[in-house]
Structures are given as structure tokens and as C-alpha cells.
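This is what each chain is made of:
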Amino acid sequence: MFLEEIYITHTEQCIAERDKIRLKAELTSDVTEVMPYLNTVIKNAIFNRYAPLLSFTREFRLMVLYPQSLTMAKAVDRADARQILEWLKDLINDTWENRSSITPNFEKKIKPSVPQFYSWLPRTNCRQCGEASCLAFAALLLTGRQSIENCRPLFTPEYVKEREALTGVLNAIL
Ligand code: SF4
């Protein structure tokens with residue numbers, strides 16, 4: 001088996017949807033080589049080969065996959081998150097096993113959406129960026145009318161993964 005396990009290392013309450021959780025997880029193998037194949041297999045994926053990272057959604061859950069870690073937002077609870085991580089582990093293993101019949105895609109496939117950008121922001125609506133809300137900031141960032149540097153909370157250690165994800169995608173699309 002290529003990937004033995006994806007295990008949760010940290011969970012906390014989602015800021016925007018307080019009945020949901022967000023989490024961090026670690027992978028027992030480096031999946032860098034699988035990412036271009038996953039980019040083909042996962043239809044709504046956004047791949048940044050230089051980061052590298054792969055962001056995608058599973059229904060309403062938002063995930064960013066790194067070589068040996070992962071973040072997930074808007075999971076229902078820990079059990080729901082575990083179920084999704086099990087699905088992802090199987091998908092990674094199946095994709096790797098069948099890679100000879102899959103054409104790897106090293107390019108981004110779709111333009112990221114406002115909800116995806118929003119998911120990487122602190123979502124506190126603190127207005128330090130000068131916008132009325134994080135959602136408004138996300139919409140402006142996506143169209144190049146705002147700068148990531150203007151979200152100061154994103155540059156605190158708490159949001160290092162989200163900042164890397166957002167920076168990676170911004171570098172790929174703008
Ligand atoms: S500064 Fe960042 S966290 Fe605060 S409202 Fe703007 S985008 Fe949201």
C-alpha cells in the first residue's frame with residue numbers, strides 16, 4: 001500500500017460555521033508524485049506544482065493537500081472528518097496503483113472560486129484589511145483588486161498553512 005494512514009493532529013471550531021470543525025492531518029507517506037494524477041482524477045482540484053499543493057472540495061468540505069500534510073475546513077465533526085480522510089487515502093492508493101492508465105496533469109484546471117479563497121482566510125470579519133468582511137476581501141483578492149498582504153491576521157503563525165495555500169494559488173493564477 002502506497003499510503004498507510006492519514007491521521008488527525010489538530011482540530012478546532014470553524015470560525016464562520018461554528019457547528020463545524022476544521023483540522024490538520026499528517027500523511028504517513030509523501031504524496032508529491034501522486035498529485036498530478038490526483039489533479040486529473042479529482043474534477044474540482046486546483047494544482048500548484050511549485051508549492052506543491054492540491055486544493056479541492058468534497059461536497060461542502062474544503063481540503064488542501066500538501067506532500068505530507070493536509071488541512072480540512074467545514075467538516076461536520078471528527079467522525080465525518082475521519083470518513084473523508086479514509087476516502088482520500090483510498091483515492092490516493094487507487095490513483096497510484098492505476099497511474100499507468102491516468103494521464104497526469106501538471107497544470108491548474110479551473111479558476112479558483114471565492115468560497116475557496118474565503119476558506120483560507122481567518123473569517124473573523126475584523127476589517128483590518130479595509131473591507132466589510134472576509135468574503136468581500138476574498139472576492140477582491142480573486143480578481144486582483146486586493147492584496148494578500150492587507151490581511152494582517154493571515155500573517156500570524158496560526159494561519160501559516162492557509163497563507164501558504166493562498167499564496168501558492170495566487171502565484172499560479174495571477
Ligand atoms: S483583515 Fe483578513 S481576517 Fe480581517 S476582515 Fe480582512 S480578510 Fe478578514
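All values derive from a computational prediction rather than experimental measurement. Along each chain, residues carry numbers from 1 onward, in the same order as the chain's sequence is written. Confidence filtering applies because this is a predicted model: local features only for residues at pLDDT of at least 70, side-chain atom pairs given and counted only at 80 or more, and all residues used for totals across whole chains, interfaces and linings. As a rule here, side-chain values come from all non-hydrogen atoms in the structure, and water together with hydrogens is ignored.

J.: What's the story with helix α2 (residues 78-97) in this structure? I'm lost.
T.: Turn by turn, an α-helix covers 3.6 residues, leaving residues three or four places apart pointing in a common direction. Secondary structure elements follow DSSP: runs of H or I no shorter than four residues count as helices, runs of E no shorter than two count as strands, and numbering proceeds from the N terminus. The span one expects for a helix is its residue count, reduced by one, times 1.5 Å. With 20 residues, α2 should reach 28 Å at 1.5 Å per residue; the first-to-last C-alpha distance of 28 Å fits that figure. Taken together, the buried positions of α2 are occupied by Asp80, Ala81, Ile84, Leu85, Leu88, Lys89, Leu91, Ile92, Asn93, Thr95 and Trp96. When checking whether two residues touch, look at their non-hydrogen atoms; a contact exists if any pair is within 4.5 Å. Packing partners of the buried residues in α2 comprise β1 (6-13), β2 (21-27), α1 (35-41), β4 (53-58), β5 (61-65) and β6 (69-75). Pairing of N or O atoms within 3.5 Å defines a polar contact, subject to two protein rules: one partner must be a possible hydrogen donor and the other a possible acceptor, and residues neighboring in sequence count only if both atoms are side-chain atoms. Two or three places before alanine 79, at the opening of α2, aspartate 77 has a side-chain oxygen 3.2 Å from that residue's backbone nitrogen. Relative accessibility decides the category of a residue: with a 1.4 Å probe and only protein chains considered, values under 20% of the type maximum give buried, values over 50% give exposed, and everything between is partly exposed.

J.: Would you take a moment to explain the pairing of β2 for this structure?
T.: A regular strand places its side chains on the two faces of the sheet in alternate fashion. Counting buried positions along β2 yields 5 of 7 residues, so the element is predominantly enclosed. Strands qualify as paired when DSSP identifies two bridges or more between them. Sheet topology note: the β2/β6 ladder contains 5 bridges and is antiparallel. When the bridges of β6 are listed, leucine 23 appears paired with methionine 72.

J.: Before we go on, may I ask you to explain the domain arrangement of the chain in this structure?
T.: It is common to give the size of an interface as the accessible area lost on bringing the parts into contact. These domain limits were set by an automatic method or by a database of domain assignments. Each domain of the chain was delimited in the assignment, giving domain 1 (6-101) and domain 2 (114-173). Relative to domain 2, the C-alpha centre of domain 1 lies at a distance of 20 Å. Contacts between the two partners involve 19 residues from domain 1, matched on the other side by 17 residues from domain 2. Note: buried area is the sum, over both parts, of the accessible area (probe 1.4 Å) each one loses when the two are combined. A buried area of about 1400 Å², summed over both sides, lies between domain 1 and domain 2, and 58% of it is on carbon and sulfur atoms. One side-chain nitrogen of Lys or Arg within 4 Å of one carboxyl oxygen of Asp or Glu is enough to make a salt bridge. The tally of links between domain 1 and domain 2 comes to 1 salt bridge.

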